[in-house]
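# Architecture and fold: a report
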Amino acid sequence: MTADALQAYTHSYLNGVPTFVYLPEEIWPEEWKGIYTPGVDKPVCRLVRALYGHVDSGGHWERLNFGAIFNEGSERVAHWPGCFWHPVHKLFLVVYVDDYCMSGTVQNVKDMYARLAASVEMEEPEPKERFLGCEHRVHEECYADEQNILVHGPGVSSGKTLEELNALSLIH
């Protein structure tokens, strides 16, 4: 299932070097009218929230976003930036800026999206066939069997237990 964060960067505060922005007349606060002359004055205000296009916004958004993911118990996948594994709920999450794609059992995915939405405002998750230009298909026959061996389909096995796959240093 996929979901998008709504106005992602503006969830995070812009820290560091103060940044000031010019406000166009059409969005001036009411109290500015009569103080400043339209077409002549160009009042500015301090930018408090991260805004798309600001050089530091991506880093502030990433810290907020990834912090929410870590707080829910997910771990980074080694060598795959933006990929996370939740060892308890067996969820795999890919994050690209404000786009999320999560796999796992339907209920676990819905529950995790609900918990993440408490920190980051996002759309309702929904099944999609495409994510970041890639086609996605659900394969119901992929599961772990009685010996905890990953099975990809009828009679097709990786021959490795989930613990052995985890030990390959892909997940830490």
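See above for the structure.
Everything in this summary refers to the structure shown in the same document. (Residues numbered from 1 in each chain as written. Predicted model: local features only at pLDDT ≥ 70, side-chain atom pairs only at ≥ 80, totals over all residues. Heavy atoms only, no water.)

So, on to the overall build of the chain. Along its length, the chain carries 3 helices and 12 strands. When the 172 residues of the chain are sorted by exposure, 30% land in the buried category. Taking as baseline every contact in the chain between residues at least 6 positions apart, the subset at least 24 positions apart corresponds to 49%. Put simply, the chain shows about 11400 Å² of open surface, and 56% of that area lies on carbon and sulfur atoms. (Helix = DSSP H or I, 4+ residues; strand = E, 2+ residues; numbered from the N terminus. Buried < 20%, exposed > 50% of the residue type's maximum accessible area, 1.4 Å probe, protein only. Contact = heavy atoms within 4.5 Å. Areas by Shrake-Rupley, 256 points an atom, 1.4 Å probe, with all protein chains shown as cover.)

Let us now look at the pairing of strand β6 (residues 91-96). Burial along β6 is one-sided: the face carrying L91, L93 and V95 is buried and the face carrying F92, V94 and Y96 is not. Across 4 bridges, the pairing between strand β5 (residues 83-86) and β6 is antiparallel. Pairing of F84 across the sheet is with L93, part of β6. Counting the residues in the hairpin turn of β5 and β6 gives 4 residues, including K90, whose phi is positive at 55 degrees. Two elements, β6 and strand β7 (residues 99-103), share 5 bridges in a ladder whose sense is antiparallel. Within β7, the position partnered with F92 by the bridge is S103. What sits between the antiparallel neighbours β6 and β7 is a turn of 2 residues, in which V97 has the positive phi angle 55 degrees. (Pairing = 2+ DSSP bridges.)

What follows covers the environment of A68. Note that A68 resides in helix α1 (residues 57-71). Here the alpha-carbon distance between A68 and L116, two residues 48 residues apart in the chain, equals 6.4 Å. Here A68 is in contact with L116 and S119, once residues within four sequence places are set aside.

Of all hydrophobic cores here, the largest spans 16 residues; its most connected members are I69, L93, V95, Y100, M102 and L116. Sorting the residues of this core by element identifies α1, β6, β7 and α2 (106-117) as the ones contributing at least two each. (Core = buried A, V, L, I, M, F, W, Y, C linked by side-chain atoms within 4.5 Å.)

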